[in-house]
Amino acid sequence: MPAVPPPEVVRAAERTRADLQKQVRELAPPPFALLELAMGSMVTQALYAVAELRVAEALQAGPRPVAEVAAEVGADAGALERVLRLLASQGVFEGREDGRWALTPMADALRADHPATMRDLCVLMGHPTHWEDWDGFLDSVRTGEPSLPKRRGAGAFEYFMQNPEYGAVFIGGMGNMSATETDPVVAAYDFSQFGTVLDFCGANGALLAGILNSAPDTKGILSDPRVAGNGAAEFLEAQGVADRVTLADGDLFEPMPAGADAYVLKHIVHDWPEEQALQILRNVRAAVKPGGKLLLVEMVVPEKGNEPHSGKLVDLWLLLLVGGRERTRSQYAELVAKAGFRLERVVETAAAVSVVEAVAV
C-alpha cells in the first residue's frame, strides 16, 4: 500500500489551500468573484468533453499539435484548442510555446488507466442525464424532498436499473471516488482488532480486500445483493484474500448475516432518510455480537464553521437524488443511539471520509 499522509497533515494543507483561495477571491471585487464561481459549470463541461473524447490518452506519449489530437479523437481542431485553452488556465493541460499541447498532473488523472483516475467521475459530472437531474434542485430546496423520483417516475436506484447505460456511468463515477478512500481508511483505523469484519453492500469487495490485507489474521464477510454476478469472487482472488472471505447475498432492508465482530457500512447510511437509515442500522444491531462495533465510513460534516468540506457538496446531491444527507458528529451520535449503539469516536482519514465508530449497547 502506498504511503498515506497523516490526516492532520492533510487537514492542515486543506486549511492552507482554503485560506489562499479565500484571499484570492477577496482581492477581486465581490461581483467578479461571484461571477467566477457561477461560471464553474463551464469548466465541468470542458472536463466532460475531454474525458469523453479521451484527450488525455491521446497525449500520454508526449506533447502533440492539436490538429493531430483532434484527428485521433474525432473533434474539430479549432474547438478542441479552445477547450484546452480554458482547461490550461485551470492547470489541466499545458500549452507549449511551440504550439503543442501536453499533459499536466491533473490532466494525467483523466486517463482511464491512471492509478487514481478521475475520468469516469468527470464523465458523470458532465453527463446530460446528471445535468437534467440538477434541473430539479430548486424544487428540492423548496420542498426538502428529492426531486428525481418526481421527475423520473422512479427512485434513483430504480432509475439506474431501468437505464443501465446511465447506471454504469453513475457507478463508474462513484467508483473513482471510492477508490481514493480505501487506503486512507485502512491507514487510519486498526481493523486487526476484529476476528471477523462484515462489509455490508460492499460491491466487489475493494474495501474489504484492503481491510484484510492490512489485518492478515482477520476474516471477512462480503454481503451484497449483486455478489453472485459482480466479479467479487474474481477480484478477491486477485487480491489474495478470497480464502478468508465468505460471500453472502444481502439486501439493504433484510436481516443480515449474524455474528461478525464489526459491521462496515461505507456510503450506505447517507443515502437514506432517517426512517430507512434506522431500519438498516437496527438490522445491524440485531446481527452484531454483544459489544460488537458498527463502523460507518462517511463524510462527517463539521459542526460549525465556514471552511470548505466535500461533504457539504455531496450533501446537496443527496438531497436532490434520494433524500439522504451527510451528517455531523452529533447527528451521527443521535442516529446510532436510536438504533441501539453508542458513538465511541470519529476517526478522521486522509481522505474526505471518516470512520464513525459505535458500539452495540
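Relevant structure appears above.
Keep in mind it's a predicted model, so treat the numbers as computed, not measured.

(A) Inspection of the pattern of salt bridges at higher detail. Applying the stated rule across the entire model yields 24 salt bridges. Ionic pairing is found between Glu-145 and Lys-150, a salt bridge with its closest N-O pair at 3.5 Å. A relative accessible area of 47% places Lys-150 in the partly exposed class.

(B) How the structure looks around the packing of helix 5 (residues 66-73) against helix 6 (residues 77-89). Contact pair helix 5 / helix 6: the axes reach a minimum separation of 9 Å and the direction vectors enclose 110 degrees. Considering the angle they form, helix 5 stands roughly perpendicular to helix 6. Of the residues in helix 6, those in contact with Val-66, Ala-67, Val-69, Ala-70 and Val-73 of helix 5 are Ala-77, Leu-80, Glu-81 and Leu-84. Tallied by class, the residues present in the contact of helix 5 with helix 6 amount to eight nonpolar, no polar and one charged.

(C) Representation of the side chain of Glu-326 within the structure. Within the fold, Glu-326 resides in the loop between helix 18 (310-321) and helix 19 (329-338). Summary of buried charges: Glu-326 has no salt-bridge partner, and the nearest side chain of opposite charge, Arg-327, is 6.8 Å away. Engagement of the side chain of Glu-326 in a polar contact is seen with the side chain of His-270, the distance being 3.0 Å. What Glu-326 contacts, discounting residues up to four positions off in sequence, is His-270, Glu-298, Met-299, Val-301, Gly-311, Val-314, Asp-315, Leu-318, Gln-331 and Tyr-332.

(D) The arrangement of the layout of surface pockets in detail. Taken as a whole, the second largest pocket spans an internal volume of roughly 1600 Å³. Taken together, 45 residues line the second largest pocket, and the ones lying closest to its centre are Phe-157, Arg-226, His-267, Ile-268 and Asp-271. Put simply, the parts of the chain that give the lining of the second largest pocket at least two residues each are helix 12 (156-162), helix 13 (164-179), helix 15 (206-214) and helix 18. The leading source of residues in the lining of the second largest pocket is helix 13, at seven residues. Taken together, the residues that form the lining of the second largest pocket break down as 26 nonpolar, 11 polar and eight charged.

(E) The arrangement of the sheet that holds strand 5 (residues 219-223) in detail. Read from one edge of the open sheet, seven strands run 6-5-4-7-8-10-9, paired in mixed fashion. Every other strand in the sheet has two partners, leaving strand 6 (245-248) and strand 9 (341-348) as the edge strands with one partner each. For this sheet, the mean angle separating the axes of adjacent strands, direction not counted, is 20 degrees. Judged from the seven bridges that link them, strand 9 and strand 10 (residues 354-360) form a sheet pairing that is antiparallel. Counterpart to Leu-343 in the pairing with strand 10 is Ala-358.

Rules of the game
Within each chain, residues carry numbers counting from 1 in the order of the written sequence. The predicted nature of this model means local features are confined to residues of pLDDT at least 70 and side-chain atom pairs, given and counted, to a pLDDT of 80 or more, with totals for whole chains, interfaces and linings taken over all residues. To get the side-chain values, all heavy atoms of the structure are used, and hydrogens and water are removed first. Counted as salt bridges are all cases of a side-chain nitrogen of Lys or Arg within 4 Å of a carboxyl oxygen of Asp or Glu. The buried label applies to any residue whose accessible area, calculated with a 1.4 Å probe on protein chains only, is under 20% of its type's maximum; exposed applies above 50%, and partly exposed to all values in between. Here an axis means a line fitted to C-alpha atoms, over the contact stretch when the element is a helix, while the angle between two N-to-C directions is reported on a 0 to 180 degree scale. Numbering of helices and strands starts at the N terminus; helices are DSSP runs of H or I of at least 4 residues and strands are runs of E of at least 2. Just so you know how the angles are binned, under 35 degrees is roughly parallel, over 145 roughly antiparallel, 65 to 115 roughly perpendicular, and the rest oblique. Only heavy atoms matter for contacts: two residues are in contact if any of them lie within 4.5 Å across the pair. Gly falls in the polar group here, along with every residue not listed as nonpolar (Ala, Val, Leu, Ile, Met, Phe, Trp, Tyr, Cys, Pro) or charged (Asp, Glu, Lys, Arg). For the purpose of counting charges, residues Lys and Arg are taken to be positive, whereas Asp and Glu are taken to be negative. His and the chain ends are not included. In protein, a polar contact requires one atom able to donate a hydrogen and another able to accept it; more generally it is a pair of N or O atoms within 3.5 Å, and residues adjacent in sequence count only if both atoms are side-chain atoms. The method works on a 1 Å grid over the protein atoms by themselves. A cavity is a set of points holding a 1.4 Å probe that cannot get out, a pocket is an open set with protein on both sides within 12 Å along at least five of seven lines, and residues with an atom within 4 Å of a point line them. Grid points are joined across faces, edges and corners, and a volume is the space filled by probe spheres set on the points. At least two bridges found by DSSP between two strands is the condition for calling them paired.

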